Number of protein chains: 2
Amino acid sequence: MSSKRIGRDTVRFTHPPTILSFAASGGKMEAEGPLSRYFDLLETDSFRGEKTWEAAETAMQIQTMEAALKKGRLAFESLSLVFGGDLLNQCTATSFAMRHWGLPFCGVYNACASISESLILAAMSVDGGFASCTAAIASSHYCTAERQYRTPMPYGNQRAPTAQWTATACGCCILGTGSSGPRITHAVPGRIVDPGITDVNNMGAAMAPAAHSTISAYFRDTGETPEDFDLILTGDLGKFGHQLLQELFQRDGVDMGKNYFDCGMLLYDIERQDMHCGGSGAGCSASVLGGYLLRNLTSGKWRRILFAPTGALLSPTSVFQGETIPGICHAVVIESGKEARE
Amino acid sequence: MSSKRIGRDTVRFTHPPTILSFAASGGKMEAEGPLSRYFDLLETDSFRGEKTWEAAETAMQIQTMEAALKKGRLAFESLSLVFGGDLLNQCTATSFAMRHWGLPFCGVYNACASISESLILAAMSVDGGFASCTAAIASSHYCTAERQYRTPMPYGNQRAPTAQWTATACGCCILGTGSSGPRITHAVPGRIVDPGITDVNNMGAAMAPAAHSTISAYFRDTGETPEDFDLILTGDLGKFGHQLLQELFQRDGVDMGKNYFDCGMLLYDIERQDMHCGGSGAGCSASVLGGYLLRNLTSGKWRRILFAPTGALLSPTSVFQGETIPGICHAVVIESGKEARE
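How should unusual backbone geometry be read in this particular structure?
Across the chain, the bulk of peptide bonds are trans and the bulk of non-glycine residues have phi less than zero. All names here are of chain A. Positive phi is not limited to glycine here, since Arg73 has a value of about 50°. Inspection of the secondary structure puts Arg73 in the loop between α2 (53-71) and β5 (81-85). We classify Arg73 as exposed; its relative accessible area is 80%. A positive phi angle, close to 55°, is found at His276, a residue other than glycine. Considering the arrangement of structural elements, one finds His276 in the loop between α8 (263-266) and β13 (279-280). We classify His276 as partly exposed; its relative accessible area is 21%.

As structure tokens, this is what we get:
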């Protein structure tokens, strides 16, 4: 009955859902980064006119979904199901944003892999005939994440060399059954892999084995190789995790090639912006997707990409209790529906 | 293309997934409650032999899923997708449990409606052909929830008269395409409704309007009434929310009737166990489902039930920041596949 499976882990959509519209929002650092021109909204005030950073993150989600709806000339009532998540305790940034819309809502949480989890569920809902139009959204905010996972901003804590920078960003995709636009053709819901890392400043090492597990599963199930993609993009492994993932594949005799990048390395000019290992946060890969990736897929720069955001499933409590950091990676294949230009 | 929709909000499964197996776990209070004989596992040690309550909640999830697999004579590898959630920050009880299994995992968060969100997504995955066998799981633990949402246990805080008691409990359902067993025929993914309540000790009032919204949507979309069910069960509105929901329906001219109950009122003997307004927590409705409800559906006591857990989408931070409490309710219709005995 699981007629849409290939191999053990890969889902192949029989009516690949179309990405009808998309949008990305960012903050000050994202505005100063190399992808700034791909954002729909850039706001340098970290409060966005709200009283708290948490309310600012909610406002960012609302604005990003509004932008995606507007670009797609869609009314919000056309959405029959929304999947979304964030990094806040009890995922309140997303819940409060969805309160604004009053749309049917399923909250997801897989840390920085929340955007790909949301995309997979949104795509299943459309392909399965459960919803005609769905949205996937995820966000993070530097100031809310620092308060929650590390120390409040005013402490002025030093960052470790392997630390990453939580993006103040949001990405939203609207999926449906339209005939033109990029399509989600395959999905790989990930398995948790825990390499035993306890250093919260080394998320790349904690998540790279999960990325290896999910991407390997796709290659195994389909018989494809890295060369079948114009671009392979992990979520936010950062510089160190990006290197580690290449090494893990080298051990398998697989060369990830020159088309493999990491969202955490693309979002910022790491050296110039002093980002240590790069960007992270649920909004990092979500906004790279909702801006840079989908604009270039739409324009035909790439024909086929593998988008594989990664999440570190820790909490401050689990870290205090001496637990290791489990990683997860959910992947989707997106095709432009056009011939590649390069 | 949304061929499985009726009306605006209701999903009708074309190949209603079968609940192949199920299990419920509880703690000391659940063991002393009126539903104790319906639990598969009851453990009076709140630590369950672990060093922390958080690890105890993870252990409870692992044991509950093991029990469900064993009862269904299923190997864990037969599960191709698991949906689950809990109330801990960053949903770590579930993530750490799923680390144990290494199964494809989508974390969900809609507070105490997490079990019905998980069930809906698990059912969509099976009906849509994306997975042949899935699991839905949710848990809560009195001691982890008190530490996180209110004050650490050793404070010995007094409870308000409208307060509810977070269940130390877990429920798990395994869904597939088998020919015998209860089936999930319909689902209603809920919309967030925020009645403006700020009192964290009055969750019933915060969530009742969401239950009203979701259950009304089902009645509107299908033309059915409360009389079409042998049992209607909300999640954990408690005594006060249960009363409030009946009043909300009375205003619409709908009598919820004598078959409407609330999981938070069934799990405990409220007066004898001094539970104030009743039980709550993601594990409350999950364990009532995984024990009392599914055993009685399997035995043929009821033919058709509407299971509508509710969630309060707050966090301690949102409460400190003066935010109101948004509510959500996801509902599923479960049929026994047998004629009712009473």
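After that view, the rundown keeps rolling.
Mind showing me how you'd approach empty space enclosed by the protein here?
Throughout the structure, instances matching the rule amount to two cavities of 30 Å³ or more. The computed volume of the largest cavity comes to approximately 230 Å³. Forming the boundary of the largest cavity are 20 residues, of which A:Cys112, A:Arg150, A:Thr166, A:Met203 and A:Ser280 lie nearest the centre. Those elements that place two or more of their residues in the lining of the largest cavity are α5 (142-149) and α6 (203-222) of chain A. The residue inventory of the lining of the largest cavity, partitioned by class, reads 12 nonpolar, seven polar and one charged. Taken together, A:Leu121, A:Met124, A:Ser125, A:Phe130, B:Phe83, B:Leu121, B:Met124, B:Ser125 and B:Phe130 make up the full set of residues lining the second largest cavity. Looking at the lining of the second largest cavity, the elements that each hand over two or more residues are α4 (114-127) of chain A together with α4 (114-127) of chain B. In terms of residue class, the lining of the second largest cavity is built from seven nonpolar, two polar and no charged.

Hey, could you run me through the environment of A:Met265 in this one?
All names here are of chain A. Relative to the elements of secondary structure, Met265 occurs in helix α8. Met265 sits in the partly exposed class, given a relative accessible area of 25%. Remark: the alpha-carbon pair of Met265 and Gly279, spanning 14 residues in sequence, is separated by 6.4 Å. Every residue in contact with Met265, bar those within four places of it in the chain, is listed here: Gly238, Lys239, His242 and Ile270.

Please clarify how the nonpolar core should be interpreted in this entry.
Within soluble globular proteins, side chains that are nonpolar tend to cluster in buried spots. Counting 232 residues, the largest nonpolar core has A:Met65, A:Leu293, A:Ile334, B:Met65 and B:Leu293 as its most contacted members. Beyond its immediate sequence surroundings of up to four residues, B:Met65 is in contact with B:Leu79, B:Val82, B:Met98, B:Trp101, B:Leu103, B:Ala135, B:Ile137 and B:Cys172.

Explain the packing of α2(A) against helix α3 (residues 92-101) of chain A here, please?
Axis angle and axis distance: for two packed helices, these are the angle between their axes and the distance between the axes, and together they describe the pair. All names here are of chain A. In the contact formed by α2 and α3, the axes pass within 8 Å of each other and the chain directions differ by 50°. Taken as axis vectors, α2 and α3 run oblique relative to one another. The interaxial crossing formed by α2 with α3 has right-handed handedness. Taking contact as the criterion, the partners of Glu57, Thr58, Gln61, Ile62, Met65, Glu66 and Leu69 in α2 are, on α3, Thr92, Ala93, Thr94, Phe96, Ala97, Met98, His100 and Trp101. For the contact of α2 with α3, the per-class residue count stands at eight nonpolar, five polar and two charged.

Would you mind showing me how to read the layout of surface pockets here?
If you roll a probe as big as a water molecule over the atoms, it shows you where there is empty space left. Considering only enclosed or pocket space, the largest pocket measures out at about 840 Å³ in volume. Lining the largest pocket are 46 residues, with A:Asn89, A:Gln148, B:Asn89, B:Gln90 and B:Gln148 sitting closest to its centre. At the level of elements, α2, α3, α5 and α10 (316-320) of chain A together with α2 (53-71), α3 (92-101), α5 (142-149) and α10 (316-320) of chain B are the ones that each hand at least two residues to the lining of the largest pocket. Tallied by class, residues from the lining of the largest pocket come to 13 nonpolar, 21 polar and 12 charged.

Explanation requested: the interface of chain A and chain B in the structure shown.
Accessible area lost when the parts come together is the quantity often used to give the size of an interface. The partner chain B presents 64 residues to the 64 residues of chain A that form the contact. Counting every contact that joins chain A to chain B gives four salt bridges. Taken together, the residues that form the side of chain A that touches chain B break down as 28 nonpolar, 25 polar and 11 charged.

Explain the relation of the copies chain A and chain B to me, please; I cannot follow it from the model alone.
Here the two chain copies are tied together by a rotation about an axis and a shift along that axis. When chain A is fitted to chain B, the best match, at an RMSD of 0.0 Å, comes from turning it 180° and sliding it 0.0 Å along the axis. Taken together, the turn and the small shift mark the pair as related by a two-fold rotation axis. In this assembly, 100% of the residues forming the interface of chain A have copies in chain B that are likewise at the interface, indicating an isologous arrangement.

What should I look at first to understand α2(B) in this one?
For an α-helix, 3.6 residues make a turn, and residues three or four places apart therefore share a direction. All names here are of chain B. A rise of 1.5 Å per residue sets the reference length of α2, with its 19 residues, at 27 Å; its end C-alpha atoms lie 27 Å apart and thus fit the reference within 8%. With respect to burial, α2 is a largely interior element, 14 of its 19 residues being buried. In the stretch just after α2, Arg73 is the one whose phi turns positive, near 50°.

Help me understand the packing of α6(A) against helix α7 (residues 238-251) of chain A, please; the structure alone is not making it clear to me.
Residues and elements named next belong to chain A. As a packed pair, α6 and α7 sit with axes 9 Å apart at the nearest point and diverge in direction by 40°. What the angle tells us is that α6 and α7 run oblique. Between α6 and α7 lies a crossing whose hand is right-handed. Here Gly204, Ala205, Ala208, Pro209, Ala211, His212, Ile215, Ser216 and Phe219 of α6 come into contact with α7, specifically with Phe240, Gly241, Leu244, Leu245, Leu248 and Phe249. The class makeup of the residues in the contact of α6 with α7 is 11 nonpolar, four polar and no charged.

Please explain α7(A) as it appears in this structure.
Residue and element names in this part refer to chain A. When the terminal C-alpha atoms of α7 are compared, their 20 Å separation across 14 residues agrees well with the 20 Å that a helix rising 1.5 Å per residue should span. Along α7, the residues that are buried comprise Gly238, Gly241, His242, Leu244, Leu245, Leu248 and Phe249. End-on view of α7: buried residues confined to an arc of 165°, all on one side of the axis. Opposite the packed face of α7, turned more than 90 degrees from it, sit the exposed residues Gln250 and Arg251. Gly253 sits one or two positions beyond α7 and adopts a positive phi of about 80°.

What is the right way to look at the packing of aromatic side chains in this model?
For the coordinates displayed, the defined rule picks out 18 aromatic pairs over all chains. Ring geometry for B:Tyr142 and B:Trp165: centres 3.8 Å apart, planes at 10°, overall stacked. Placement of the pair is B:Tyr142 in helix α5 and B:Trp165 in strand β8 (residues 165-166), with a sequence separation of 23 residues. Residue B:Trp165 is classed as buried on the basis of its relative accessible area, which comes to 13%. Each residue in the set A:Tyr218, A:Phe219, A:Phe229 and A:Phe249 is aromatic and connected to the rest through ring pairs, giving one cluster.

What is the right way to look at the pairing of strand β3 (residues 18-26) of chain B in this model?
For a regular strand, the rule is simple: side chains alternate between the two faces of the sheet. Residues and elements named next belong to chain B. Here β3 lies mainly inside the structure; eight of its nine residues are buried. As paired strands, β3 and strand β9 (residues 169-176) are joined by eight bridges and run antiparallel to one another. Among the inter-strand pairings, Ser25 is bridged to a residue of β9, identified as Cys170.

Help me understand the confidence of the model for chain A in this model?
Caution applies to low-pLDDT parts of the model: their predicted coordinates are not meant to be read in detail. Per-residue confidence for chain A gives a mean pLDDT of 94, with 98% of residues at or over 70. Overall fold confidence (pTM) sits at 0.97, and the ipTM for the predicted complex is 0.96.

Please clarify how the state of the cysteines should be interpreted in this entry.
By definition, a disulfide links the sulfur atoms of two cysteine residues through a covalent bond. By the definition in use, this model includes zero disulfides over all chains. B:Cys263 supplies the cysteine sulfur nearest to B:Cys284, a cysteine that is in no disulfide, at a spacing of 5.6 Å.

Teacher, can you tell me more about the pattern of salt bridges here?
Charged atoms that come close allow side chains of opposite charge to pair. The final tally for this structure, using the stated rule, is 32 salt bridges over all chains. With a shortest N-O distance of 2.9 Å, B:Arg150 and B:Glu146 are connected by a salt bridge. Connected via shared salt-bridge partners are A:Arg8, A:Asp9, A:Arg191, A:Arg220 and A:Asp221.

What counts and how
Residues numbered from 1 in each chain as written. Chains lettered and ligands numbered in written order. Predicted model: local features only at pLDDT ≥ 70, side-chain atom pairs only at ≥ 80, totals over all residues. Heavy atoms only, no water. Helix = DSSP H or I, 4+ residues; strand = E, 2+ residues; numbered from the N terminus. Buried < 20%, exposed > 50% of the residue type's maximum accessible area, 1.4 Å probe, protein only. 1 Å grid on protein atoms, 1.4 Å probe; cavity = no way out; pocket = protein on both sides within 12 Å on 5 of 7 lines; lining within 4 Å. Points joined across faces, edges and corners; volume = space filled by probe spheres on them. Nonpolar A, V, L, I, M, F, W, Y, C, P; charged D, E, K, R; others polar. Contact = heavy atoms within 4.5 Å. Core = buried A, V, L, I, M, F, W, Y, C linked by side-chain atoms within 4.5 Å. Axes fitted to C-alpha atoms, helices over the stretch in contact; angles between N-to-C directions. Parallel < 35°, antiparallel > 145°, perpendicular 65-115°, else oblique. Left-handed = near helix turned anticlockwise from the far one by under 90°. Salt bridge = Lys/Arg side-chain N within 4 Å of Asp/Glu carboxyl O. Least-squares fit on C-alpha atoms with pLDDT ≥ 70 in both. Expected span 1.5 Å × (residues − 1). Arc of directions from axis to C-beta. Phe/Tyr/Trp six-rings, centres within 6.5 Å; stacked < 30°, edge-to-face > 60°. Pairing = 2+ DSSP bridges. pLDDT = per-residue confidence, 0-100. Disulfide = S-S within 2.5 Å.

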